[in-house]
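What the coordinates show
Chain residues, written in single-letter form:
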Amino acid sequence: MAERRVRVRFAPSPTGALHIGGVRTALYNYLFARRNGGDFILRIEDTDSQRFVPGAEAYIMEALKWCGISIDEGINEGGPHAPYRQSERKEIYLKYAQQLVENGNAYYAFDSAEELDALRKQYEAEGKTFAYNYTVREKLQTSLSLSPSEVKSRIERGDVWVIRFKMPENEDVEMDDIIRGHITINSSTLDDKVLYKSADQLPTYHLANIVDDHLMEISHVIRGEEWLPSLPLHYLLYRAFGWADTQPAFAHLPLLLKPQGQGKLSKRDGDKFGFPVFPLFWTAPDGSTANGYREDGYFPQAFINMLALLGWNPGTEQEIFSMQELIDQFSLEKVSKSGARFSPDKAKWFNQQYMRVADDNELADKLLPMLAEQGISTTKERAAKAISLIKERAIFPKDLLSLTIYMFQAPTEYDEKSVAKFWKADNVAKLKELRAQLAAESVITAEATEPKIHQWVVDNQYSMGQLMNSLRIAIIGISQGPSIFAISEFIGKDETLARIDNALAKLGEGK
Ligand code: GLU
């Protein structure tokens, strides 16, 4: 048999902002498609009108774009199986639901919500749990208990009905999952799920999902672990339709877990601990907002790199992966079964790694407006040079401002702790001598001046640490930061001397 073309889909429901767990599902689908020369499809599953949230669909597409996850077939891209939005495929599903009724795998049910509620309460009162399954379906108002003519007339007079799947009784459903292996579930533990509702003329998730995966020739379903309980039903639906031979392979991805404690990473964890759980900033229809990785200053490459490793690793020490490297190395066999603990610190670590290799000119484009806001104007070249000196210390582009501002503006304040520690009479006297040494140089460069001054300090048996920290306070206002000679070179000799004089005037002779 010819090798089947790999076709995967990311099938989000537009019920709100896309959680990072959803982005990871999209990413793994994308990596798998690219790795295997297949197609990546975006299908919007919007048949649950109750949960539809305006703006969510656009958010999903923008998020994927920001992440660099490109779509082969979808709402904007089109494709041979268009439309890719389930609400526009409405007409397709009824006939499939009816087909299952005809071949004995589904039935009409006419019970109203109130009747079912009353039944549930009655069961509860008797200490039992109500399940709509083989134990009740022949006793309730269904096409299994009513006569065909009664069913027909109820439908014709416009009674509200649903079509339910007729879950077999006491059958061991045998399933395979690429990540989890072989699974067996007894069908008696499952209920008769609704497949189609006359009230809104829409299929439920289960029916639409199976029908569309079949019609769209999906070869692999890669989705979150929360869908594993639906797998037996999905297997049985493929069988009921007679599509078992071409049903997709399944892979259920592990959950993303909270940074600490038990359970799934939730939006509330993000609010509580101050890290984003969404790729982009989100404003909900009710006006509430949630932070996003993009707006928090993450590089999309760092975000993707971090997400890729939450649940997958190639079994080597490598941690930094470009998208192409991920594509080259990704396999579902290396996805773990157990949940992946999310770490906000590790997310920052990844960003820092990408910061270190980011292009100085591109970062300068981000720094220039921040400087301008402080009333500082400089050239892109100067900004890029300043960035190159401190980039190692930044995690986010927004850090660049505080790390470079003293390269464009003399300190107006001096860090109290640094002053208390190093601005002492003895040091200040030596700093004045150092000033004379620097004044005697024609220019200050890190390369030439630094070794010379170091030698002078050694010859005089001064403490290098004490003196250099005093110099640092004078020039940048704090006893930390990159090479002070590199900064002096950057600001120039005159400015260096002026800053020393300024500090001496403001801070005095020290105690
Ligand atoms: N619409 C489902 C969701 O929102 C898709 C599940 C699946 O991939 O089958 O997650």
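Whatever comes next refers back to the structure up there.
First things first, this report covers the structure right here in the doc. No experiment lies behind these values; they were computed from the predicted model shown.

Let's shift gears to the sheet that holds strand β4 (residues 162-165). Taking strand neighbours across the sheet as the criterion, the 4 strands line up as β3-β4-β7-β8 in an open arrangement whose pairing is antiparallel. Two strands in the sheet have a free side with no partner beyond their single neighbour: β3 (106-109) and β8 (202-203). As judged from the 2 bridges shared by strand β7 (residues 194-197) and β8, these two strands associate in the antiparallel manner. For Tyr 196, the partnering residue across the bridge sits in β8 and is Pro 203.

Before going further, it helps to spend a moment on the packing of helix α12 (residues 360-373) against helix α13 (residues 380-390). The geometry of α12 relative to α13 is characterised by a closest axis approach of 8 Å and an angle of 110 degrees between their N-to-C directions. As judged from the angle between their axes, α12 and α13 are roughly perpendicular. Side by side, α12 and α13 meet where Asp 360, Asn 361, Leu 363, Ala 364, Asp 365, Leu 367 and Leu 368 of the first sit next to Lys 380, Ala 383, Ala 384, Ile 387 and Ser 388 of the second.

Another point: the pattern of salt bridges. Overall, the coordinates contain 32 salt bridges when judged by the stated rule. Between Lys 346 and Glu 319 there is a salt bridge, with its nearest N and O atoms 2.7 Å apart. One end of the pair, Lys 346, is in helix α11 (residues 344-357); the other, Glu 319, is in the loop between α9 (300-308) and α10 (323-329), and 27 residues separate them in sequence.

The subject of this paragraph is the packing of aromatic side chains. If you walk through the whole model with that rule in mind, you get 22 aromatic pairs. Here Tyr 96 and Phe 241 contribute two aromatic rings whose centre-to-centre distance is 5.9 Å and whose plane-to-plane angle is 80 degrees, an arrangement assigned as edge-to-face. Within this pair, whereas Tyr 96 is found in helix α3 (residues 90-102), its partner Phe 241 is found in helix α7 (residues 231-241), the two being separated by 145 residues in sequence. For the pair Tyr 96 and Phe 241, a shared accessibility class is recorded, and that class is buried. With a centroid separation of 4.4 Å and 40 degrees between ring planes, the pair formed by Tyr 205 and Trp 227 is classed as tilted. Placement of Tyr 205 in helix α6 (residues 205-215) and of Trp 227 in the loop between β9 (220-224) and α7 is noted, with a sequence separation of 22 residues between them. The exposure class of Tyr 205 is buried, given its relative accessible area of 18%. Note on Trp 227: relative accessible area 31%, which makes it partly exposed. By way of ring pairs, the aromatic residues Trp 66, Tyr 293, Tyr 298, Phe 303 and Phe 396 are connected into one cluster. Its guanidinium or amino end placed over the ring of Tyr 123, Lys 128 lies 5.1 Å from that ring's centre, counting from NZ or CZ. The ring of Phe 396 carries Lys 398 above its face, with NZ or CZ at 4.4 Å from the centroid.

This part covers α3. Considered for burial, the residues of α3 that qualify are Tyr 93, Tyr 96, Ala 97 and Leu 100. Angularly, the buried residues of α3 cover 100 degrees about the axis, an arc narrow enough to put them on a single face. Facing away from the buried surface of α3 by more than 90 degrees, the exposed residues are Glu 91, Lys 95 and Glu 102. The secondary structure elements touched by the buried residues of α3 are β3, β4, β7, β8, α6 and α7. Remark: Gly 104 follows α3 within two positions and exhibits a positive phi of approximately 85 degrees.

Turning our eyes to something else, we now look at the pairing of β7. On a regular strand, one side chain projects to one face of the sheet and the next to the other, so that they alternate. The pairing of β4 with β7 spans 3 bridges and is antiparallel. Along β7, the bridge assignment pairs Val 162 with Lys 197. Connecting β7 to the next strand, β8, in antiparallel fashion are 4 residues, including Gln 201 with a positive phi near 55 degrees.

Before going further, it helps to examine unusual backbone geometry. The omega angle of the peptide bond from Ala 82 to Pro 83 is 0 degrees, so this bond is cis rather than trans. Inspection of the secondary structure assignment puts Pro 83 in the loop between α2 (56-67) and α3. One non-glycine residue, Glu 217, adopts positive backbone phi at about 55 degrees. Turning to its location among the elements, Glu 217 is positioned in the loop between α6 and β9. Taking the relative accessible area as the measure of exposure, Glu 217 reaches 46% and is therefore partly exposed.

This part covers the nonpolar core. Ile 69 and Leu 471 are the most contacted members of the largest nonpolar core, which totals 116 residues. The dominant element in this core, judged by the number of residues it contributes, is helix α1 (residues 20-35), at 9 residues. Each residue touching Ile 69, except ones within four places of it in the same chain, is listed here: Val 23, Ala 26, Leu 27, Tyr 30, Phe 40, Leu 64, Ile 304 and Met 323. Counting 38 residues, the second largest nonpolar core, distinct from the first, contains Ile 41, Tyr 84, Val 151 and Phe 165.

A few words on the site of the ligand. The environment of the ligand is made up of Arg 9, Ala 11, Pro 12, Ser 13, Glu 45, Tyr 205, Asn 209, Arg 223 and Trp 227. Note that an oxygen atom of the ligand is positioned 2.8 Å from one of the side-chain N or O atoms of Arg 9. Within the side chain of Glu 45, a nitrogen or oxygen atom sits 2.6 Å from a nitrogen atom of the ligand. When the free accessible area of the ligand is taken as 300 Å², the share hidden by the protein chains comes to 85%. Grouping the amino acids of the shell around the ligand by side-chain chemistry returns 4 nonpolar, 2 polar and 3 charged.

Moving on: the packing of α6 against α7. Taken N-terminus to C-terminus, the directions of α6 and α7 make an angle of 55 degrees; their axes are 10 Å apart at the nearest point. Taken together, the axes of α6 and α7 are oblique relative to one another. Two packed elements cross with a definite hand, and for α6 against α7 that hand is right-handed. Of the residues in α7, those touching α6 at Tyr 205, His 206, Leu 207, Asn 209, Ile 210, Val 211 and Asp 213 are Leu 233, His 234, Leu 237, Tyr 238 and Phe 241. When its residues are assigned to classes, the contact of α6 with α7 shows 8 nonpolar, 3 polar and 1 charged.

Of the two faces of strand β2 (residues 39-42), the one holding Asp 39 and Ile 41 and the one holding Phe 40 and Leu 42 are both buried throughout. Pairing between strand β1 (residues 7-10) and β2: 4 bridges, direction parallel. Looking at β2, one finds that Phe 10 is bridged to Leu 42. At this point the chain moves from β1, through α1, to the parallel β2, and the crossover so formed is right-handed.

Moving on, we get to the side chain of Glu 57. Relative to the assigned elements, Glu 57 resides in helix α2. Its relative accessible area of 13% is what places Glu 57 among the buried residues. What Glu 57 contacts, discounting residues up to four positions off in sequence, is Pro 14, Ile 44, Ile 75 and Arg 85.

Conventions we followed
- Here the residue index of a chain counts from 1 through its sequence in written order.
- It should be noted that, the model being predicted, local features are given only for residues of pLDDT at least 70 and side-chain atom pairs only at 80 or more, the latter also being counted only at that level, while totals for whole chains, interfaces and linings use all residues.
- Only heavy atoms go into the side-chain values, all of them from the structure, while hydrogens and water stay out.
- A pair of strands is treated as paired once DSSP finds two or more bridges between them.
- In DSSP terms, a helix is any run of H or I states spanning at least four residues, a strand is any run of E spanning at least two, and both are numbered starting from the N terminus.
- Orientation is described by axes fitted as lines to C-alpha atoms, over the contacting stretch for helices, and by angles from 0 to 180 degrees between their N-to-C directions.
- The labels follow the angle: roughly parallel below 35 degrees, roughly antiparallel above 145, roughly perpendicular from 65 to 115, and oblique for the rest.
- Residue contacts are defined here by distance: any two heavy atoms, one from each residue, within 4.5 Å place the two residues in contact.
- The working definition used for a salt bridge is a side-chain nitrogen of Lys or Arg within 4 Å of a carboxyl oxygen of Asp or Glu.
- Stacked, edge-to-face and tilted labels apply to pairs of Phe, Tyr and Trp rings (six-membered ring for Trp) whose centres lie within 6.5 Å, assigned for plane angles under 30 degrees, over 60, and everything in between, in that order.
- Exposure categories follow from relative accessible area, calculated using a 1.4 Å probe and restricted to protein chains: below 20% of the type maximum is buried, above 50% is exposed, and the middle band is partly exposed.
- The rule is short: NZ of Lys or CZ of Arg within 6 Å of the ring centre and within 35 degrees of the ring normal puts a charge over the ring.
- This arc is taken over the directions from the axis of the helix to the C-beta atoms.
- Nonpolar core, defined: a set of buried Ala, Val, Leu, Ile, Met, Phe, Trp, Tyr and Cys residues in which side-chain atoms within 4.5 Å join the residues together.
- Nearness of a residue to a molecule or strand requires only that one of the residue's heavy atoms be within 4 Å of it.
- For this analysis, a polar contact is any N or O atom pair within 3.5 Å, provided that within protein one partner can donate a hydrogen and the other can accept it, and provided that sequence-adjacent residues contribute only side-chain to side-chain pairs.
- Areas reported here follow the Shrake-Rupley algorithm with a probe of radius 1.4 Å; residue values treat only the protein chains shown as occluding.
- Under the convention adopted here, Pro, Cys and the residues Ala, Val, Leu, Ile, Met, Phe, Trp and Tyr are nonpolar, Asp, Glu, Lys and Arg are charged, and Gly plus all remaining residues are polar.
- Crossing handedness is defined as follows: a turn of the near helix away from the far one that is anticlockwise and smaller than a right angle gives a left-handed crossing, while the clockwise case is right-handed.
- Handedness of a crossover is defined as follows: with both strands directed away from the viewer, a clockwise route from the first strand across the helix to the second makes it right-handed.

The values reported here are purely geometric and, on their own, carry no functional implication.
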